[in-house]
Amino acid sequence: MLTTARPLQLDYVRAQFPALAGEWVFFDNAGGSQTLKRVADRISDYLLTTNVQLGASYNVSQQSTARVAEAAQAAAMLINAAEPGEVVMGGSTTLLLRILSLCLGQTFRPGDEIIVTNCDHESNIGCWLDLRKQGIIVKFWNLNPETLQLDLDTLAQLMTPRTRLVALTHVSNILGTINPIRQIADLVHERGAMICVDGVAYAPHRRVDVQALDVDFYVFSFYKVYGPHYALLYGKREHLLTMPGINHYFIGQETIPYKFQPGNVNFELSYGAAGVVDYLSDLAVQHGSDRPSSDLSARLSDAFDRIAEHEELLSDRLLSYLHRQPRVKLWGDPTADRDRRVPTIAFTVGQLNSATIPPQIDRHHIGIRYGDFYARRLIEDLGLAQQNGVVRVSMVHYNTLEECDRLIAALDPIIGS
């Protein structure tokens, strides 16, 4: 049984999320987390007090401009970007990856190569496949079917002097396994290529440090990290400066990130998203972090350390039960080790149609889900399409062991031995 000397103060954590006061247990967090009250308060306050266009001389516009700049700074701090100009905000991860592919693709030539995986959400596959129309060659880096992991030796064999980009996920939204991004980035850079990482399934659980990872591009959605329905794309400054933009012709090439944000950012959602950083900082202090307020980056790391400890306990509780069920097949890393997986847990039950299980859990006021979760290529390659994919339980740090036990009690009559 895993233990921790520093238990998460769940009364404090859960009080920050009004939806958790209801009767439902939310175990579909990989599809969208619950939203912090302070995020909603920020959005409301922006709309009700400073909802004007940026950049004018009058006072309210100056306040609005400062708030949006504050949000950009907070987003950069969240992922340890070198500067706010490296952070592009937009409506969704899918949209931002599409914008990236349209802009970056203009720098590629026929015969250049891109490598994608078969385990990504389609948003980090389809946009790159579309570049085949201009003569780009796209190769698939497939999971090892035995280990369900991406082998670096396979990637090395796929890469050639014409490889320009490798696109992959930090964590599969089905398998929950953490990929060794820094190790992969080092290999990619040694071969003269760039790396683009989809961090949607990672960012709610662990600190994203784009400089430590040495990634060229990194993207995730705030609405899965306790914020509004909004997203962030990081790009190294040197890449963003040299890529053509997608904004109006009179927006200068050096104007980053604005040249990638047609119609500008959503002001209120940007300002609201900064509430996620406020929460994580306060969470660290609440749990004994003595970092000075000026060292916000260290506070964020402390907060995610506490989150990882608690989530490991959640994973262990559910995985231990599922391992005891002879009909259950787990998909992903079988351990609860926080360094190897996040608490996104997928399974099938014999040949049982996965679509039949969540509706039986609904009546217990527990939300789980089945399907391919837009990682359809992985589900097809695993031979699970006819079974309607997997059952997925996706937990985050505001979930409790008691909620896990409620789920286990509800599952047991359906899948238990």
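With an unreviewed UniProt entry as reference, the protein chain is termed Cysteine desulfurase-like protein, source organism Thermoleptolyngbya sichuanensis A183.

Time to look at the overall build of the protein chain. Assigned secondary structure in the protein chain consists of 14 helices and 13 strands. Taken over the C-alpha trace, the protein chain has a radius of gyration of 22 Å; the compact-globule value for 417 residues is 22 Å, and the two agree within 12%. The principal-axis extents of the C-alpha atoms in the protein chain amount to approximately 65 × 50 × 35 Å. Within the protein chain, the proportion of its 417 residues that are buried is 57%. Sequence-distant contacts in the protein chain: of pairs separated by 6 or more residues, those separated by 24 or more amount to 68%. Roughly 16900 Å² of accessible area belongs to the protein chain as shown, and the carbon and sulfur atoms make up 50% of that amount. Looking at the protein chain, you have 37 positive and 46 negative side-chain charges, and the mean spots of the two groups are 3 Å apart.

On to the packing of aromatic side chains, then. Tallied over the full model, the rule gives 8 aromatic pairs. Here the aromatic rings of F17 and Y226 are separated by 5.7 Å at their centres, their planes lie at 75°, and the arrangement is edge-to-face. Of this pair, F17 sits in the loop between α1 (10–15) and β1 (25–26) while Y226 sits in the loop between β7 (217–221) and β8 (231–235), and the two are 209 residues apart along the sequence. An aromatic cluster is defined as three or more aromatic residues linked by ring pairs; in this entry it consists of F17, Y226, Y279 and Y398. Sitting above the plane of the W331 ring, K329 keeps its charged end 4.9 Å from the centroid. We note R392 situated over the ring of F373; from NZ or CZ to the ring centre the distance is 3.7 Å.

Summarising the element assignment, T154 is placed in helix α6 (residues 152–158). For the pair T154 and W141, spaced 13 residues apart in sequence, the C-alpha separation works out to 7.2 Å.

By size, the foremost hydrophobic cluster in this structure holds 86 residues, and its most contacted members are I79, Y218 and F220. Tallying contributions element by element places helix α10 (residues 267–286) first for this core, with 11 residues. Domain assignment of the residues forming this core places at least three in each of domain 1 (10–36 + 295–416) and domain 2 (40–276). Apart from residues lying up to four places away in sequence, F220 is in contact with L78, I79, T93, G199, V200, A203, V225, A231 and L232. Among the nonpolar cores identified, the runner-up in size contains 29 residues, and I99, L104, I114 and C196 belong to it.

With that settled, the discussion passes to the pattern of salt bridges. Between side chains of opposite charge, pairing is possible as soon as their charged atoms come close. A complete count under the given rule lists 22 salt bridges for this structure. The residue D216 makes a salt bridge to K236 at a minimum N-O spacing of 3.7 Å. With D216 in the loop between α8 (210–213) and β7 and K236 in the loop between β8 and α9 (237–242), this residue pair connects regions lying 20 residues apart in the sequence. There is no split in this pair, since D216 and K236 are both buried. A salt bridge links R376 to D372; its shortest N-O distance comes to 2.8 Å. Since its relative accessible area comes to 17%, D372 is described here as buried.

Cut-offs and rules
- Residues numbered from 1 in each chain as written.
- Predicted model: local features only at pLDDT ≥ 70, side-chain atom pairs only at ≥ 80, totals over all residues.
- Heavy atoms only, no water.
- Helix = DSSP H or I, 4+ residues; strand = E, 2+ residues; numbered from the N terminus.
- Rg over C-alpha atoms; globule rule 2.2 N^0.38 Å.
- Buried < 20%, exposed > 50% of the residue type's maximum accessible area, 1.4 Å probe, protein only.
- Contact = heavy atoms within 4.5 Å.
- Areas by Shrake-Rupley, 256 points an atom, 1.4 Å probe, with all protein chains shown as cover.
- Lys, Arg positive; Asp, Glu negative; His and termini not counted.
- Charge placed at Lys NZ, Arg CZ, Asp CG, Glu CD.
- Phe/Tyr/Trp six-rings, centres within 6.5 Å; stacked < 30°, edge-to-face > 60°.
- Lys NZ or Arg CZ within 6 Å of the ring centre and 35° of its normal.
- Core = buried A, V, L, I, M, F, W, Y, C linked by side-chain atoms within 4.5 Å.
- Domains from an automatic or database assignment.
- Salt bridge = Lys/Arg side-chain N within 4 Å of Asp/Glu carboxyl O.

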